[in-house]
Structure formats: structure tokens, C-alpha cells
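Residue-level structural notes
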Amino acid sequence: MSLLLVITYLDRVCISVAGPRIQEALHIGPIAWGWVTGIFTLSYAAFEIPSGALGDRIGPRRVLTRIVLWWSGFTSLTGMVTGYYPLLLTRFFFGAGEAGAFPNASVAVARWFPVHERGRAFGICLMASQLGGAIAPLLVIPIQVHYGWRASFYVFGVLGVAWSVVWYWWFRDSPAEKAGVNQAELEGTRDVAAKAHHGLQWKIAFCSRNLWAVMGVGYCYLYTYYFFQSWFHTYLVKARRYSENDLLLSSLPFLVAAFANCVGGFASNALVKKLGLKWGRRSIGVAGLVTAALCTVAVMFTQQRLEALILLSLVCGGITFQQPTAFAVCLDIGGEYAGAVVGAFNTACQIASFVSSLAFGYLVERYGSYNVPFIPMAALLLIGAWLWLKVDPAEALIPQTRPASAIGVIPADVG
């Protein structure tokens, strides 16, 4: 799964790194580029819940194989487009195909890891995704310089095909299906993996304030986080006067994010054991988003190129510090419906990404400033920190879905 998320972010960040060259080649302005980066998230959001729920029912082995083959094809097709509207259409289908990747990865975590290990598992996997973002400029820029921007999309498309073949051959949907799994591992995971997966009762689910709070947290932090996958490299070139060679430094936020993902995942495990499930999760979320908000404000007031990059790296780090905990909470409250709940959470996230991508372009065009778009970013990060105080990971979405044996590994004060 870690390798999957490396490839996922290579493919996503590739469009951002290649952005300045694509905009120049296809004569695309700020508002139009906002639609290019935003259309991906629109289709991604539309198919998140169905793809996540499908993984709950038939398992992540088959669903992830289909997802990766689909998006790899449209990654390569991105390199073939010759105009603005074909590019929009390609990116729309790219998003539709990739939808469900994170929900189904979450299903795999729910089936293979007991509750107290999930924060760490997400921390390691999400750290890998950030490494993909960090590696992307180091690979894309040399390919672009020597072979043009189109070649980078062809190369990355092949990686996903290779991954999907190995995944389908090796992975199994639950520990019970995999040879070599010992009895202790089976005991720790059998509750979620063994349940019959009927459809989640969405009427009950969407009456849950807990679910809406989690989705609100996702919306608030993804609004800012998507900047690093959409506008970040264009911002460095046009607002901070970075050259194409200077863009190699754009790996810094993703390296910081990788470290923050890992630390946040391990910190979540430690604090859950010390403070209980509720405050062990909440404290990570509040600390991460408040830090990110303060650094976002600071970006607007610095004139130095390197300082701006360092502050943006801390913004990314603050967000990703709490990210593994956000996914772990979806599993806490979702039980055997983890895929559907992560799908709902990620739908809120992708709606935020779509709005963010368009808003950034419109605000730059309207005010002629690359600082103005950071104002709503900082505000939403603070709102997200407040919403973390409304999240209760000890409160299951459907009460009977909470695995009895899993509660035993959590301190008694949350039971």
C-alpha cells in the first residue's frame, strides 16, 4: 500500500510540476488552469463513496486493481492531449478512475490491523505518499528538460500497471485468506474481516453529528492541502520567481510532510494509550491544524523566497501531522463500513479540493495577488481545529458494528 501511495502522488503531483510548461504550451490562463486541476477532484468526489462501499462488499484486492489500471491509462493519455478541452476531459476521467484508492486502502488497514495499530499504519502509508510528492519534481523536471512535459506522463503511467499486476497476484482481502498468518494476528483482526458486509444505512449515517464533524475536518484541511498538488509549483514560479531548476527545492514540503505523517501516526498510537481514544485522537488534530494556520498567515507577510518555502513546508507538515489520525478516526467510527465512511470523508475532502483549485485562480485573477488566496486557507484551518473538538472516535456510527475484542486494547475510560 505504501508503494501504491507513492505512485498515486507521483501521478498527482506530476500535473502540478508540469503546470507552468503545460500552461505555456496550451495557452492556459489562471482561471482555466484552476479548472484543469479542479475537474479531477470533481469526478474524484463523485465516485468516492460508491468505490469505497464496493471495497467493503467485495474486498480491496479487485477494486484497487481496477482503480490503478484505470488511472494509469489516463495518466499516459494526459501526455497526448493537444488542447484545453481534451485536457479537461482526460483529467475528469483520471479522477473518476482514481476515486476509491484511499477508501480501499483503508479497508485493507481495517481488515489487517487492530484498532491500536491503525494510526501507525496510516502514518507509514501516508508518509510514503509524501515521498511520492517529494520524488516527483526530481523525476519530472529532468524528463521535461530532456524530453518535454508529455514524456513524464508516459513514464508514470507504466508504474501503475506494474503495481496492479503484483498486487492482484500477492494480496488477499483478509488475514484468514493469506498463507503464513499466525493465530495471534487472526485473533486481532477477525471481527472486522469476518463480518458480512451489507450496505451502510446512509439515512442513519448522515444523521450522525460525529460523521459530519469528521467530514468537516477533512473539508477544512484539504482546502489548503490541495494547494500543494495544484498551484504550488505555479505559485513558486509566478509569485516567488523560482526558475525551473529552483523547482528542485519544491520537494521540501513533501519531505517535511513525510516526516510529519510518520511522527503523527506514532504519536497518535502513544496518546491513545495514554489519554484514551477521544483525547488521544483530538489532541493530534488540534495541534496540527493550529500550527498550519499560523504558518499560513506568516507566508503572506514574508518577502524572502526561501522563508516562504520553509513556512509553506511547515503548513504542509502541520496538516499531514494530523492526517493519519483523521483516517484512523474514520475506521474507529466506521467499523466494518470503513470503506464507505472513508469514502464519505474523502468526498468532503475532494469537494474542498475542487473549490480550492478554482478559488485560487479566481482570487489571483480578481485581485492580482498571490497572497489573497491564503486568507481563506488560514481561516478554514482554524475552523478545522475547532471541529476536531466535536469529533468523538469512541462513538461508533452504527453501534453494533464496534468490534468487542478491539475495545479491549483501548484504555478503560473510553469503553
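Everything discussed here concerns the structure shown above.
Residues numbered from 1 in each chain as written. Predicted model: local features only at pLDDT ≥ 70, side-chain atom pairs only at ≥ 80, totals over all residues. Heavy atoms only, no water.

1. Points about the overall build of the chain
The criterion, for reference: The helix and strand labels rest on DSSP assignments: H or I over at least four residues marks a helix, E over at least two residues marks a strand, and numbering proceeds from the N terminus. Relative accessible area decides the class of each residue, using a 1.4 Å probe on protein chains only: under 20% of the type maximum gives buried, over 50% gives exposed, and in between gives partly exposed. The contact criterion used throughout is that any non-hydrogen atoms of two residues lie within 4.5 Å. Each accessible area value is a Shrake-Rupley result obtained with a 1.4 Å probe; residue values ignore everything except the protein chains displayed when judging cover. Charged residues are defined here as Lys and Arg on the positive side and Asp and Glu on the negative side; His and the ends of the chain fall outside this count. All charge positions are set by atom: Lys at NZ, Arg at CZ, Asp at CG, Glu at CD.
Along its length, the chain carries 19 helices and zero strands. Based on the C-alpha atoms only, the size of the chain along its principal axes is roughly 55 × 45 × 35 Å. The 415 residues of the chain split such that 61% are buried. Contacts spanning at least 24 positions in sequence make up 85% of the contacts within the chain whose residues lie at least 6 apart. Summed over all atoms, the accessible surface of the chain reaches about 15,600 Å², with 68% contributed by carbon and sulfur. One finds the centroid of the 29 positive side-chain charges in the chain at a distance of 3 Å from the centroid of its 20 negative side-chain charges.

2. Digging into the packing of helix α1 (residues 2-17) against helix α8 (residues 149-170)
Put simply, the test is: What counts as an axis is a line fitted to C-alpha atoms, over the stretch in contact for a helix, and the angles between N-to-C directions run from 0 to 180 degrees. Put simply, angles under 35 degrees are roughly parallel, angles over 145 are roughly antiparallel, angles from 65 to 115 are roughly perpendicular, and the rest are oblique. Two helices cross in a left-handed way if the nearer one is turned anticlockwise from the farther one by less than a right angle. They cross in a right-handed way if the turn is clockwise. For this scheme, ten residues count as nonpolar: Ala, Val, Leu, Ile, Met, Phe, Trp, Tyr, Cys and Pro. Four count as charged, namely Asp, Glu, Lys and Arg, and the remainder, Gly too, count as polar.
Where α1 contacts α8, the axes come no closer than 10 Å and their chain directions differ by 160°. On the basis of the axis angle, α1 is roughly antiparallel to α8. For α1 against α8, the interelement crossing comes out left-handed. On α8, the residues that touch Leu 3, Leu 4, Ile 7, Leu 10, Asp 11, Cys 14 and Ile 15 of α1 are Ser 152, Phe 153, Phe 156, Leu 159, Gly 160 and Trp 163. The class makeup of the residues in the contact of α1 with α8 is ten nonpolar, two polar and one charged.

3. Side note on the packing of aromatic side chains
Convention followed: Aromatic rings from Phe, Tyr and Trp, with only the six-membered ring used for Trp, were paired whenever their centres fell within 6.5 Å, and each pair was classed as stacked if the ring planes differed by under 30 degrees, edge-to-face if by over 60, and tilted otherwise.
Under the defined criterion, the tally for this structure stands at 26 aromatic pairs. Taking the centre distance of 5.9 Å and the plane angle of 70° together, the rings of Phe 227 and Phe 232 count as edge-to-face. Taking the relative accessible area as the measure of exposure, Phe 227 reaches 1% and is therefore buried. Centre to centre, the rings of Phe 327 and Phe 345 are 5.4 Å apart; their planes meet at 75°, and the pair counts as edge-to-face. Separated by 18 residues along the polypeptide, Phe 327 in helix α16 (residues 305-334) and Phe 345 in helix α17 (residues 338-367) bring together distant segments of the chain.

4. Side note on α8
To keep things clear, this is the line we draw: Take the residue count of a helix, subtract one, and multiply by 1.5 Å to get its expected span.
Look at α8: 34 Å from first C-alpha to last across 22 residues, which is about the 32 Å you get at 1.5 Å a residue. Among the residues of α8, those classed as buried are Trp 149, Ala 151, Ser 152, Phe 153, Phe 156, Gly 157, Gly 160, Trp 163, Ser 164 and Trp 167. Along its buried surface, α8 packs onto α1, α2 (19-26), α4 (60-78), α5 (84-98) and α7 (118-147).

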